[in-house]
Number of protein chains: 2
Amino acid sequence: MFVRTGILAKYKTEGSGRRQIVALRFPGEGILPRDGNASYGIQGIVRSEVMVGSASDFNALVEKNPTLQSFFWRLIQRNEAIGYEWLVNCGRRDSVARVAHLLCETAVRSGVDIESEMMLNPFTQQQIADITGQTSVNVNRVFADLERQGLIERAGREIAFRDWRELRRIASFQPAYLE
Amino acid sequence: MFVRTGILAKYKTEGSGRRQIVALRFPGEGILPRDGNASYGIQGIVRSEVMVGSASDFNALVEKNPTLQSFFWRLIQRNEAIGYEWLVNCGRRDSVARVAHLLCETAVRSGVDIESEMMLNPFTQQQIADITGQTSVNVNRVFADLERQGLIERAGREIAFRDWRELRRIASFQPAYLE
DNA sequence: CGTAGGGTTGATAGAGCTCAAGACTTGTGG
DNA sequence: CCACAAGTCTTGAGCTCTATCAACCCTACG
């Protein structure tokens, strides 16, 4: 699956019904075919356009095209790096840093111009909670906190970065892992 | 890098010096080459024998050997699935479930015979904390808890599974993701 | 105009962190 | 063989962060 527009989420549901989003796919990214069943579900974060192809076509294409192969190879490594970063996020950062980190990553991955300071946050607070391993109630409080600290300003889903440097700092966001 | 014996850990260190182990490699598994710098460190959990090769050799080998290619393809997908499971673990399970899940996964991945009920836990409690995103103090209390509940019995690092089924349940461990 | 989903806020409880101290294990050098 | 050091495990006390529960508001939409 190749994301043309919008955002896709891979998620898993725990026994007790709690949901965890384990990966996101922004435009230009994709979900590669798997042997066997996937252990996760796929859902659109926003209305999205997605190209879907068959695994056999994909494999044939890649096998005879070394350029494509190394392209996907790099794509896989990027996703791996993002996954590791998310693990650090969930395991070792407090709730403010987790949300801030997600905002930073989202801004960079969706190609928003930081200088313009504006971004349309595509997530509901519940989805942010599902990504960062918290509750939506707490995500709400964290947003209020970030705003009170003067790091962001909100108008509906629209977010203005008022102090990108400081936001990066509290998130300990080092964009190198996104290449 | 190919792990012959022992266990390797990939880890990242957060700004405040807190460590998160983001992946493990058991015997028969490996760490594939990357373009550019890796954003993680590698450390042995126990004394390990590791075969190290160069990326160019690896790439050449894989490129002309489709069987190898699909082998590594599956390996990557397995690691991806494990990573997702770890995210669920850190994000959505309480501390008892996290430790229990790690024990289950370790038992299966290291090929221990569950029926024999015995496993040499290879980790220090600090390492378990670094994997599950907790403190070593709490890991210690969780172990005491699991023992009090009669799910495991400990003698040093040696662990006996006294009720594998129940342990799996509280960990919500579904081994399918390990293939 | 009613409804559902999302956002906001307060009160409360509890899980897990921090700090601190002591016991035990293992390896090293004299 | 002993003394010592470093690392690991264990336990208690207190506190903080975040979950939970519950109510209410706002907005979009049919």
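Computed from a prediction, not measured in an experiment: that's the story for all the values here.

Thoughts on the UniProt feature "domain: HTH crp-type" (unreviewed entry) in chain A
In step 1: Per the UniProt annotation, the sites labelled "domain: HTH crp-type" (unreviewed entry) are residues 93–165 of chain A.
In step 2: Within the segment residues 93–165 of chain A, helix and strand shares are 52% and 15% respectively, and the terminal C-alpha atoms sit 18 Å apart.

Considerations on the interface of chain A and chain B
In step 1: Each partner contributes residues to the interface: chain A has 37 residues there, and chain B has 37 residues.
In step 2: Taken together, the two surfaces of chain A and chain B that pack against each other cover about 3,600 Å², and 54% of this comes from carbon and sulfur.
In step 3: Broken down residue by residue, the surface that chain A buries against chain B is led by A:Tyr84, A:Leu87 and A:Arg92, which jointly contribute 23%.
In step 4: B:Asp35 serves as the salt-bridge partner of A:Arg74, at 3.7 Å between the closest nitrogen and oxygen.
In step 5: For the pair chain A and chain B, the number of links is 22 residue pairs in polar contact (both at pLDDT 80 or more).
In step 6: When residues of the side of chain A that touches chain B are traced back to their parent elements, those giving at least two are β2 (8–13), β3 (19–25), α1 (55–63), α2 (66–92) and α4 (125–132) of chain A.
In step 7: Counting residues per element, the side of chain A that touches chain B draws most heavily on α2(A), at 15 residues.
In step 8: In the side of chain A that touches chain B, the residues fall into 15 nonpolar, seven polar and 15 charged.

Considerations on the environment of B:Val22
In step 1: Structurally, B:Val22 can be placed in strand β3 (residues 19–25).
In step 2: Excluding anything up to four places from it in sequence, B:Val22 contacts A:Tyr84, A:Leu87, A:Val88, B:Lys10, B:Tyr11, B:Lys12 and B:Trp86.

Details of unusual backbone geometry
All names here are of chain A.
In step 1: Phi is positive for Ser 172, which is not a glycine, with a value near 40 degrees.
In step 2: Considering the arrangement of structural elements, one finds Ser 172 in the segment after α6 (164–171).
In step 3: Here Ser 172 falls in the buried class, since its relative accessible area comes to 18%.

Notes on a nonpolar patch on the surface
Residue and element names in this part refer to chain B.
In step 1: A cluster of nonpolar side chains, Met 1, Ile 42, Val 50 and Val 52, forms an exposed patch at the surface whose accessible area comes to about 310 Å².
In step 2: When you line up the elements, Val 50 lands in strand β5 (residues 49–51).
In step 3: A residue is classified by how much of its surface remains accessible, and Val 50, at 30% relative accessible area, is partly exposed.

Digging into the nonpolar core
In step 1: Among the nonpolar cores identified, the biggest contains 91 residues, and A:Leu24, A:Phe161, A:Leu167, B:Leu24, B:Leu146, B:Phe161 and B:Leu167 are the most heavily contacted of them.
In step 2: Ignoring any residue separated from it by four or fewer positions in sequence, one finds B:Leu24 in contact with B:Ile7, B:Leu8, B:Ala9, B:Glu29, B:Ile45, B:Trp86, B:Arg109, B:Phe123 and B:Ile131.
In step 3: Counting eleven residues, the second-largest nonpolar core is a separate cluster that includes A:Phe58, A:Val62, A:Ile76 and B:Phe58.

Overview of helix α5 (residues 136–148) of chain B
Residue and element names in this part refer to chain B.
In step 1: For α5, built from 13 residues, the straight-helix expectation of 18 Å at 1.5 Å per residue is met to within 8% by its first-to-last C-alpha distance of 18 Å.
In step 2: Among the residues of α5, Val 139, Val 142, Phe 143 and Leu 146 are the ones counted as buried. The buried side chains of α5 occupy one side of the element, clustering within an arc of 100 degrees when seen end-on. Among the exposed residues of α5, those pointing more than 90 degrees away from its buried face are Arg 141 and Arg 148.
In step 3: Where α5 is buried, its residues touch α3 (95–109), α4 (125–132), β7 (152–155), β8 (158–161) and α6 (164–171).
In step 4: Among the residues trailing α5, Gly 150 stands out with phi positive, at a value near 80 degrees.

Quick notes on the packing of aromatic side chains
In step 1: Counted according to the given criterion, the structure contains twelve aromatic pairs over all chains.
In step 2: Taking 4.9 Å as the distance between ring centres and 65 degrees as the angle between the ring planes, the aromatic pair formed by A:Phe58 and A:Phe72 counts as edge-to-face. With A:Phe58 in helix α1 and A:Phe72 in helix α2, the pair connects residues that are 14 residues apart, well separated along the chain.
In step 3: Judged by relative accessible area, A:Phe72 falls into the buried class, the value being 15%.
In step 4: Cluster of aromatic residues (ring-pair linked, three or more members): A:Phe58, A:Phe71, A:Phe72 and B:Trp73.
In step 5: Geometry around A:Tyr11 places A:Arg19 over its ring, the cationic atom sitting 4.9 Å from the centre.

What to know about the sheet that holds β8(B)
All names here are of chain B.
In step 1: Spatially, β6-β8-β7 is the arrangement adopted by the three strands of the open sheet, whose pairing is antiparallel. Bordering the open sheet on either side are β6 (118–120) and β7, each of which pairs with just one other strand. The sheet shows a mean angle of 25 degrees between the axes of neighbouring strands, taken without regard to direction.
In step 2: Looking at chain direction, β7 and β8 are connected through four bridges and run antiparallel. Note that in β8 the partner of Ile 152 across the bridge is Phe 161.
In step 3: Taken strand by strand, α5 contacts β7 and β8, and its axis lies near 120 degrees from that of β7.

Details of the sheet that holds β3(B)
All names here are of chain B.
In step 1: With antiparallel pairing, the three strands of this open sheet are ordered in space as β3-β2-β4. Each edge of the open sheet is held by one strand with a lone partner, namely β3 and β4 (41–44). Sheet twist, expressed as the average angle between the axes of neighbouring strands with direction ignored, equals 35 degrees.
In step 2: Sheet topology note: the strand β2 (residues 8–13)/β4 ladder contains four bridges and is antiparallel. Counted as the bridge partner of Leu 8 is Gly 44 from β4.

Rules of the game
Residues numbered from 1 in each chain as written. Chains lettered and ligands numbered in written order. Predicted model: local features only at pLDDT ≥ 70, side-chain atom pairs only at ≥ 80, totals over all residues. Heavy atoms only, no water. UniProt positions renumbered as here; feature names shortened; annotations may be inferred. Helix = DSSP H or I, 4+ residues; strand = E, 2+ residues; numbered from the N terminus. Contact = heavy atoms within 4.5 Å. Buried area = accessible area lost by both parts, 1.4 Å probe. Salt bridge = Lys/Arg side-chain N within 4 Å of Asp/Glu carboxyl O. Polar contact = N/O pair within 3.5 Å; in protein donor to acceptor, adjacent residues only side chain to side chain. Nonpolar A, V, L, I, M, F, W, Y, C, P; charged D, E, K, R; others polar. Buried < 20%, exposed > 50% of the residue type's maximum accessible area, 1.4 Å probe, protein only. Patch = residues over 30% accessible without salt bridge, like charges linked within 9 Å, V, L, I, M, F, W, Y side chains within 5 Å. Areas by Shrake-Rupley, 256 points an atom, 1.4 Å probe, with all protein chains shown as cover. Core = buried A, V, L, I, M, F, W, Y, C linked by side-chain atoms within 4.5 Å. Expected span 1.5 Å × (residues − 1). Arc of directions from axis to C-beta. Phe/Tyr/Trp six-rings, centres within 6.5 Å; stacked < 30°, edge-to-face > 60°. Lys NZ or Arg CZ within 6 Å of the ring centre and 35° of its normal. Pairing = 2+ DSSP bridges. Axes fitted to C-alpha atoms, helices over the stretch in contact; angles between N-to-C directions.

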